[in-house]
Every structure is written in C-alpha cells, then in structure tokens.
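# Residue-level structure breakdown
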Amino acid sequence: MLGRPAPDPTEEGPKGGRRLSAAFVAWMMGLPEGWVTDPVLGLSRTQQLKMLGNGVVTQQAVAALKSMGVHASGKDL
C-alpha cells in the first residue's frame, strides 16, 4: 500500500533488549517515511511515540467519513 517495505518492528533498546520502533508505528499508520522519525526534527523516541499515539490514521479517518456518507472534501456523498 505504501510502496515501501516495512521497517523492523523493533529496535535495540539502551539495555540491549528489544523495544517498539517508532519508524514501524509510523509505517503502520501510513505516514510518509521520516514524518516524525527524521533525525533533523530532533525528537526523542518517547516524543515520536507520543506524537504517533496521539495521531490520526488517515486511512481509518477516510473510511469513517465514507461510512457516514461524507466525502473527504467535506461534501455529502
């Protein structure tokens, strides 16, 4: 669907264990690569996951609007 392979779902944590990868969460949400994980943004992993957790999955929002009879442009179907 996104046209790119999924990133690893986990990454190595500071103590050597595995933990959820923010890049994988962003991929699952359908966001462009680096949308919240680009190092240029200077966000910590915690900040990235918080932003992703508070975000809207666009595909789900569109499906919800369609089920209510509303077009993505805001016009009734």
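In the block above lies the structure referred to throughout.
All values reported here derive from a predicted model rather than from experimental measurement.

What follows covers the nonpolar core. Residues Ala22, Val25, Ala26, Met29, Leu31, Val36 and Leu52 constitute the largest nonpolar core, which totals 7 residues. In terms of residues, this core owes the most to one element, helix H1 (residues 22–28), which gives 3 residues. Setting aside anything within four residues of it in sequence, one finds Ala22 in contact with Thr37, Gln48, Leu49 and Leu52.

With that settled, the discussion passes to the environment of Val56. Mapped onto the elements, Val56 comes out in the loop between helix H2 (45–53) and helix H3 (58–67). With 27 residues separating them along the chain, Val56 and Met29 place their C-alpha atoms 8.0 Å apart. Beyond its immediate stretch of four places on either side in the chain, Val56 contacts Met29 and Ala61.

What counts, and where the lines are drawn
Residues numbered from 1 in each chain as written. Predicted model: local features only at pLDDT ≥ 70, side-chain atom pairs only at ≥ 80, totals over all residues. Heavy atoms only, no water. Core = buried A, V, L, I, M, F, W, Y, C linked by side-chain atoms within 4.5 Å. Buried < 20%, exposed > 50% of the residue type's maximum accessible area, 1.4 Å probe, protein only. Helix = DSSP H or I, 4+ residues; strand = E, 2+ residues; numbered from the N terminus. Contact = heavy atoms within 4.5 Å.

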